[in-house]
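Each chain is listed here by its residues.
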Number of protein chains: 2
Amino acid sequence: MRVANLGVGLIGGSVGLAARARLDAHVRGYDPDGRTLDEAERLGAIDARADDVAAAVRDAEAVFVAAPVGRLEEAVRAALDAAPRDCVVTDVGSTKRAIVAAVHDERFVGGHPLAGAETAGVEHARENLFEDATWYLTPAPGTSGILYERLHRALTRLGAQPVAIEPELHDRVMATVSHLPHVLANVLAAQASNVIGSEERVPASGPSLRDAIRVAGANSAIWTDIYLSNREALVATIDDTVAALRAVAETLTAGERDAVTGWNDAARRDRDRLLGAGMGDGPLSELRVSVPNRPGVIAEIALALGRAGVNIVDMALSPSPDYRRGVITMWVRGEEQAGRAAGLIAELDFDVARI
Amino acid sequence: MRVANLGVGLIGGSVGLAARARLDAHVRGYDPDGRTLDEAERLGAIDARADDVAAAVRDAEAVFVAAPVGRLEEAVRAALDAAPRDCVVTDVGSTKRAIVAAVHDERFVGGHPLAGAETAGVEHARENLFEDATWYLTPAPGTSGILYERLHRALTRLGAQPVAIEPELHDRVMATVSHLPHVLANVLAAQASNVIGSEERVPASGPSLRDAIRVAGANSAIWTDIYLSNREALVATIDDTVAALRAVAETLTAGERDAVTGWNDAARRDRDRLLGAGMGDGPLSELRVSVPNRPGVIAEIALALGRAGVNIVDMALSPSPDYRRGVITMWVRGEEQAGRAAGLIAELDFDVARI
């Protein structure tokens, strides 16, 4: 297969590595940044470099457009203008409604792999980036079935799990599970900074605040585009949040104890369902361990669990205000592992509670 | 010193252990739950048990009231009714305006130690629970200076850092840095569950959502009281959040790119300031490590850092949708430790990025 990658950063570079290794593809790369292209070539993410879009896609069978969301439409159009008639063109942008609405071509399929959000840059590209990752595809009514099938098959061979979804639903889901958490983190960071700012006596933030603001102010070079590209779905989602917050405030003002408890218990069920989604071996169990905050203490616990074959699915260390002690919250899968984990940790003489 | 503890769970039990060890105090305990009292006695958290409040406080010099927020006023009044005239009475409730407004007695000082929120139950009590923890005190104009000073000195000897604060400000700060994050987590969990609920194709939640809903639906037995007790400050704080969210939605709708970037960059500064608060050795540095999600991998990394004396201040593991891979986000203190940590992790052949 002949593949063209327009943009060879983390995603495009990883597509190149995977396509060469798993599809036995010949990969031609183009990137407006010459140094990125150099690095992609050096890392083996492309077989050949192209000086422009047209040269890259000339004889391609599949084109991956990995341009910033703000320049996506322009890049997709350029690819379609120059690509052969039987070539599938897809993108990897994180919002889908706008690009699908703008581009009508039977060769185009919008796409969005849920991978790689944590870093950027071709130097972090890897051949297994998409292993078992959901890769959303947004075929339009006019999309060629043959080309869609070719793309689907290629993605599967790259290791991904392609999933077709309506572009509007995709954007609403992403607005809720990804963009809204960033908005709330930003808003909360500003509020907390404001109340603490006037008050030297106020201590460092607590664990719930730390978790809640962890993603605040994510890289603007990426996120301004994401926010704006998905603004329609995001604004609707924010409206829902405002309505929900008003309802909470009313319940609190009315002092309706049962209603507060009911609301909170429902949130617990929602949380457990969300955190447990996609599991095979039963729901996650939560453990909390109180530890001195010194080098090696996490190693000691994690090592003991690792030796015993207990896999820590997720963990978070919340330090005390002075960072001398901390609480490790850990999630492991299923009752049996949780029981074993608690026993092992207690044997190490740490205080452990199952939540 | 003669101490009486009304309520001998995690906080009361820890006060007992610390007071016996560090103040050489004689501690008398009362708890409406006889089994809790048994356990406190067995663990050495009290010297003697009392059958009722009056018997517990009869000859006390300091009384710690560790009752649930919903029964706090009643318990404080009972203590004051029976305590000697030169005895200081304090509480450990997590909101302060209501109790301070309700109780006018020169012997009473409202209090709130920022410790122990992670677990409950006397079996987790420990003598060093308050080591270096902020312990808020809300003295009223009518509070006896002598008794306040006695309490302050005792808390310092328990290891805590007592800090005087106005009850209204205390509640506003707690509403913002502790209660609001829980409200937002609850609201977000409900919204995400709703959008995902209708959609089997939607994958497991992403890392930003996981962090954001981690505290959703916290124990209603504790949190319904906290929400209701602090509802005045909390509703005002929610109103601020609603106003901030509307402003964000307007900026997004207007498509003001610079305004979106400015808002996001400001949130970054707020976040860094909040996460870095209270540090001595420079700001926190963030590292992201891509790892296979198998037992022992965290051990391997943490052990290497531990051996090298690099202290992980905070960490979070975000699994990929299928839980086979994950990204460890770690914070260490200062540039030097961050550089060393990145080098050590790279030597282990993991992909590491400094953010």
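Values in this document were obtained by computation on a predicted structure and should not be read as measured data.

Parameters and conventions
- Residues numbered from 1 in each chain as written.
- Chains lettered and ligands numbered in written order.
- Predicted model: local features only at pLDDT ≥ 70, side-chain atom pairs only at ≥ 80, totals over all residues.
- Pairing = 2+ DSSP bridges.
- Helix = DSSP H or I, 4+ residues; strand = E, 2+ residues; numbered from the N terminus.
- Contact = placed C-beta atoms within 7 Å.
- Axes fitted to C-alpha atoms, helices over the stretch in contact; angles between N-to-C directions.
- Buried ≥ 20, exposed ≤ 12 C-beta atoms within 10 Å, placed from the backbone.
- pLDDT = per-residue confidence, 0-100.
- Expected span 1.5 Å × (residues − 1).
- Arc of directions from axis to C-beta.
- Domains from an automatic or database assignment.
- Nonpolar A, V, L, I, M, F, W, Y, C, P; charged D, E, K, R; others polar.
- Core = buried A, V, L, I, M, F, W, Y, C linked by C-beta atoms within 7 Å.
- Parallel < 35°, antiparallel > 145°, perpendicular 65-115°, else oblique.
- Left-handed = near helix turned anticlockwise from the far one by under 90°.

**Q** An account of the sheet that holds strand β1 (residues 2-6) of chain B is requested, with residue identities and associated values reported.
**A** Residues and elements named next belong to chain B. Here we have 8 strands laid out as an open sheet, ordered β3-β2-β1-β4-β5-β6-β7-β8, and mixed in their pairing. Two strands close off the open sheet at either side, each with one partner strand: β3 (48-49) and β8 (161-164). Packing of helix α6 (residues 145-157) onto the sheet brings it into contact with β4 (62-65), β5 (88-91), β6 (108-113), β7 (134-138) and β8, and relative to β5 it is tilted by some 55°.

**Q** Please give an account of the environment of Ile165(A) that cites residues and values.
**A** Residue and element names in this part refer to chain A. One can find Ile 165 in the loop between β8 (161-164) and α7 (167-197). You can call Ile 165 buried: it has 20 C-beta atoms within 10 Å. Ile 165 sits 25 residues away from Ala 140 along the chain, and the two C-alpha atoms are 10.0 Å apart.

**Q** Give a description of the sheet that holds β8(A) that names residues and reports values.
**A** In spatial order, the strands read β3-β2-β1-β4-β5-β6-β7-β8 (chain A); together these 8 strands make up an open sheet with mixed pairing. Of all strands in the sheet, those bounded by a partner on one side alone are β3 (48-49) and β8 of chain A.

**Q** Tell me about the confidence of the model for chain A, and name the residues and values.
**A** When pLDDT is averaged along chain A, the result is 87, and 89% of the positions lie at 70 or above. In the model output, the complex is listed with pTM 0.72 alongside ipTM 0.72.

**Q** How would you explain the environment of Thr261(A) if you had to name every residue and give the values?
**A** Following the sequence through the fold, Thr261(A) ends up in helix α11 (residues 257-276). On the basis of neighbour counts, which here come to 17 C-beta atoms within 10 Å, the residue Thr261(A) falls in the partly exposed class. Filtering out sequence-adjacent residues up to four positions away, Thr261(A) remains in contact with Ser220(B) and Thr224(B).

**Q** Help me get a handle on helix α9 (residues 220-229) of chain A, residues and values and all.
**A** Of all the 10 residues making up α9(A), 7 are buried; the element is thus mostly covered by neighbouring parts of the structure. Buried within α9(A) are the following residues: Trp223(A), Thr224(A), Asp225(A), Ile226(A), Tyr227(A), Leu228(A) and Ser229(A).

**Q** Just give me the short version of helix α13 (residues 334-347) of chain B, but keep the residues and values in it.
**A** Residues and elements named next belong to chain B. End to end, α13 covers 20 Å across 14 residues, agreeing with the expected 20 Å (1.5 Å per residue, within 8%). When α13 is considered as a whole, its buried residues turn out to be Gln 337, Ala 338, Ala 341 and Ile 345. Each buried residue of α13 sits inside an arc of 100° when the element is viewed along its axis, so together they form one side. Exposed residues lying more than 90 degrees from the buried face of α13 are Gly 343, Ala 346 and Glu 347. In the segment just after α13, Asp 349 is the residue with positive phi, at about 75°.

**Q** Please provide a residue-by-residue account of the domain arrangement of chain A, values included.
**A** Residue and element names in this part refer to chain A. Domain boundaries assigned for chain A yield domain 1 (2-165), domain 2 (169-255) and domain 3 (284-354). Between domain 1 and domain 2, the contact holds 12 residues from the first and 9 residues from the second. Among the secondary structure elements, those contributing two or more residues to the side of domain 1 that touches domain 2 are α5 (97-102) and β7 (134-138). Partitioning the side of domain 1 that touches domain 2 into residue classes produces 5 nonpolar, 5 polar and 2 charged.

**Q** Summarise the environment of Asp47(B); cite the residues concerned and give the values.
**A** Residues and elements named next belong to chain B. On the secondary structure map, Asp 47 appears in the loop between α2 (34-42) and β3. Sequence spacing of Asp 47 and His 26 is 21 residues, and the spatial spacing of their C-alpha atoms is 6.1 Å. When neighbours within four sequence positions are excluded, Asp 47 is seen to be in contact with Arg 20, His 26, Val 27 and Arg 28.

**Q** Please provide a residue-by-residue account of the nonpolar core, values included.
**A** Inside soluble globular proteins, nonpolar side chains tend to come together where they are buried. Within the largest apolar cluster, 196 residues are counted, with the highest numbers of intra-cluster contacts made by Leu6(A), Val63(A) and Val63(B). The residues touching Val63(A), leaving out its near neighbours within four places in the chain, are Ala4(A), Leu6(A), Val57(A), Ala79(A), Ala83(A), Cys87(A) and Val89(A). Counting 36 residues, the second largest nonpolar core, distinct from the first, contains Leu305(A), Val332(A), Val352(A) and Ala338(B).

**Q** Which residues make up the pairing of strand β11 (residues 325-333) of chain B, and what values do they have?
**A** Residue and element names in this part refer to chain B. Counting buried residues in β11 gives 9 out of 9 residues, a clear majority hidden from the surface. Side chains of β11 alternate between two faces, with Arg 325, Val 327, Thr 329, Trp 331 and Arg 333 and Gly 326, Ile 328, Met 330 and Val 332 buried alike. When strand β9 (residues 284-292) meets β11, the two strands line up antiparallel, connected through 9 bridges. By the bridge assignment for β11, Val 289 is matched with Ile 328.

**Q** Tell me what's going on with unusual backbone geometry, and back it up with residues and numbers.
**A** Here Asp349(A), not a glycine, exhibits a phi torsion of approximately 75°, which is positive. The exposure class of Asp349(A) is exposed, given the 7 C-beta atoms found within 10 Å.

**Q** Kindly report on the packing of α11(A) against helix α9 (residues 220-229) of chain B, identifying the contributing residues and their values.
**A** Contact pair α11(A) / α9(B): the axes reach a minimum separation of 10 Å and the direction vectors enclose 125°. Judged by the angle between their axes, α11(A) and α9(B) are oblique. Classified by chirality, the crossing of α9(B) by α11(A) is right-handed. Touching Arg257(A), Val260(A), Thr261(A), Asn264(A) and Asp265(A) of α11(A) are Ser220(B), Trp223(B), Thr224(B), Tyr227(B) and Leu228(B), all from α9(B). Here the contact of α11(A) with α9(B) is composed, by residue class, of 4 nonpolar, 4 polar and 2 charged.

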